[in-house]
Every structure is written in C-alpha cells, then in structure tokens.
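Given next are the chains, with one letter for each unit.
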Amino acid sequence: MASVRYVAIGDSFTEGVGDDLPDGRERGWADLVAQGWADAAGEPIEYANLAIRGKLIAPIIAEQLEPALALRPTHLSFNGGGNDMLRPRTSVSQVVDAFSHVLRRCDEEGVTLILLSGANPSGQLPLSRVIQRRGDLLSAAVAERMGDRPDVVTAFNWPDRELSTPPYWSQDRLHMNGRGHHRVAARVLDALGIGAPEGWWSLPELPETGLRGAAYYRTHVGPWVRRRLTGTSSGDGRQPKHPAWVQIDPRQGRTE
C-alpha cells in the first residue's frame, strides 16, 4: 500500500473542467497535484477523484464524502460552494456548515484535510460585483470557521488577484484553463511543503480564443440559464473520473 493515498472531492473546479488535453480528456489541478506529489516523493502514490461538475455543496457531501473516506485515504482535498454562490438564495452559513462537517469527518477518520477555496472568476463574468461580494463573504466565513488548525492544509485561491485575470481562464470565463489549474496545483503543493515544479505558478499565456459579445452569451451563458430554469445540471449522468484508486508513478525529472 502506498504511503500517500490522496482522494479529491468537489465540483468542476476539482474535476478539472477547462484544462483540456489533446486527447479530449480533462486533467485539472488535482491530477497535477497527484503527479507532482509522486515526482517529489520519488515513489508511487494512490489517487482518486470523485468530483463531478455542476454539483452544489450538499450533493457533494451526500454523494462523495463517505465513498471517499471509505477508500481509507491519508489525505482528502475538498472544495465546494462555487455553484451555490451563483444562486441568489444560497445561505453562506449553510455552505460553511458543510466545510465544518467535512473537517469533523476527516478528524474522526484520521484523514488530513486539504482545504481549498476556488479561484475568483468574477472579473470577466456578468453580475461581477454580486459574484465578487458573495465570494468574499464565503471565503472569509470559511477561513474564520476553520480557526487555528495548523493540521489542516489550506490553499486559498479566491484572494489571488493574478489568478483572477483573464489569461488564467477558459473560453467560458467560469472555469480555469490549463494555466490556471497549474497555478492552483502549485499552491497546493507548496501548502503541502513539497514545492511546485518550476514555472507552474505562471506558465506562458495561451492564445486568446474566447468569444465576445452575443456569441459568448449564446454559447456559454444561454445554456447555463436554461439549466437553471429546467433544474438540470451539467453533471447529470456523469460518473467520477477516478472513483477507485489509480497508481501515479513518479516521472524522471519534474517538468510538465
């Protein structure tokens, strides 16, 4: 059994949406952390990822937390609330209660919690001021609720102003691109005391391919609004990409 068994739970942020590989797969910061961790350790680690896009925080807890803990991990990363934050009637206190529940269950199972806040997309989205305000409230409330817990690994991305700028975001402006996912992975690895491969904090900018004006609203905003009106989710019918352990072997050198 590997000495590190790392499982990730959450929504599209943790699933890796926006970090598209040439073969059509989506990678994301959690995959990058797993590989960087194995490279730094010089030995295989076990990795699972139960995150599914579009999930509100309550279904993340109800559907992912206990299956993740049943894998008997050494470390569990958790982020959620981004989709809740986009809904006007969301209670910040209920979202923060979910973070407390995850921490309590990790304490009970002897699992090290890696706690993340999502990156801030508000600068390039419609209703940017509303999203910024709600995100600020949620980020501050989570940090306050966690209190002084040096045993919890924290990687807070919401306050990262550079990460909130357009070069780190994909065409839909809601999910990070590969450059953004690498920056988040670098923050997590640093929080773990491992250190990120050189360049991950700020990879070269990607070519600008995003849509503008009516084309953007038609392609990206319209489908999101339709899902809200019909009570559907982009994650409906999807399965986790790594519901059971996969072995991540170290590579020669630490480049990407």
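Residues numbered from 1 in each chain as written. Predicted model: local features only at pLDDT ≥ 70, side-chain atom pairs only at ≥ 80, totals over all residues. Heavy atoms only, no water.

J.: Help me understand helix H2 (residues 29-41), please; the structure alone is not making it clear to me.
T.: Residues three or four positions apart in an α-helix share a direction because the helix packs 3.6 residues into each turn. For H2, which comprises 13 residues, the first-to-last C-alpha distance of 18 Å matches the rise-based estimate of 18 Å (1.5 Å per residue) to within 8%. Burial analysis of H2 places 11 of its 13 residues in the buried class, which makes it a mostly covered element. Listed in full, the buried residues belonging to H2 are Trp29, Ala30, Asp31, Leu32, Val33, Ala34, Gln35, Gly36, Trp37, Ala38 and Asp39. Phi turns positive, to about 70°, at glycine 42, one or two residues after H2. (Helix = DSSP H or I, 4+ residues; strand = E, 2+ residues; numbered from the N terminus. Expected span 1.5 Å × (residues − 1). Buried < 20%, exposed > 50% of the residue type's maximum accessible area, 1.4 Å probe, protein only.)

J.: Explain the nonpolar core to me, please; I cannot follow it from the model alone.
T.: In summary, soluble globular proteins display a tendency toward joint burial of nonpolar side chains. Counting residues in hydrophobic clusters, the biggest one holds 29 residues, and the most contacted among them are Tyr6, Trp29, Val33, Leu116, Met176, Val184 and Val188. When residues of this core are traced back to their parent elements, those giving at least two are strand E1 (5-9), H2, strand E2 (45-49), strand E4 (112-117), strand E5 (153-156) and helix H7 (178-191). The dominant element in this core, judged by the number of residues it contributes, is H2, at 7 residues. If we skip the residues at most four places from it in the chain, valine 184 touches Phe13, Trp29, Leu116, Asn157, Leu163 and Met176. Counting 26 residues, the second largest nonpolar core, distinct from the first, contains Val7, Ala98, Cys106 and Leu115. (Core = buried A, V, L, I, M, F, W, Y, C linked by side-chain atoms within 4.5 Å. Contact = heavy atoms within 4.5 Å.)

J.: Before we go on, may I ask you to explain the pattern of salt bridges in this structure?
T.: Opposite charge on two side chains lets them pair, provided their charged atoms get close. Counting across every chain of the model gives 18 salt bridges. We note a salt bridge from arginine 53 to glutamate 15, for which the minimum N-O separation is 2.7 Å. Of this pair, arginine 53 sits in the loop between E2 and helix H3 (57-70) while glutamate 15 sits in helix H1 (residues 12-15), placing them 38 residues apart in sequence. Neither residue differs from the other here; arginine 53 and glutamate 15 are each classed as buried. Measuring nitrogen to oxygen at the nearest pair gives 2.8 Å for the salt bridge that ties arginine 183 to aspartate 160. In this pair, arginine 183 is assigned in helix H7 and aspartate 160 in the loop between E5 and H7, connecting sequence segments 23 residues apart. With respect to burial, arginine 183 and aspartate 160 carry one shared label: buried. Residues participating in the shared-partner salt-bridge network are Glu66, Arg104, Arg105, Glu108 and Glu109. (Salt bridge = Lys/Arg side-chain N within 4 Å of Asp/Glu carboxyl O.)

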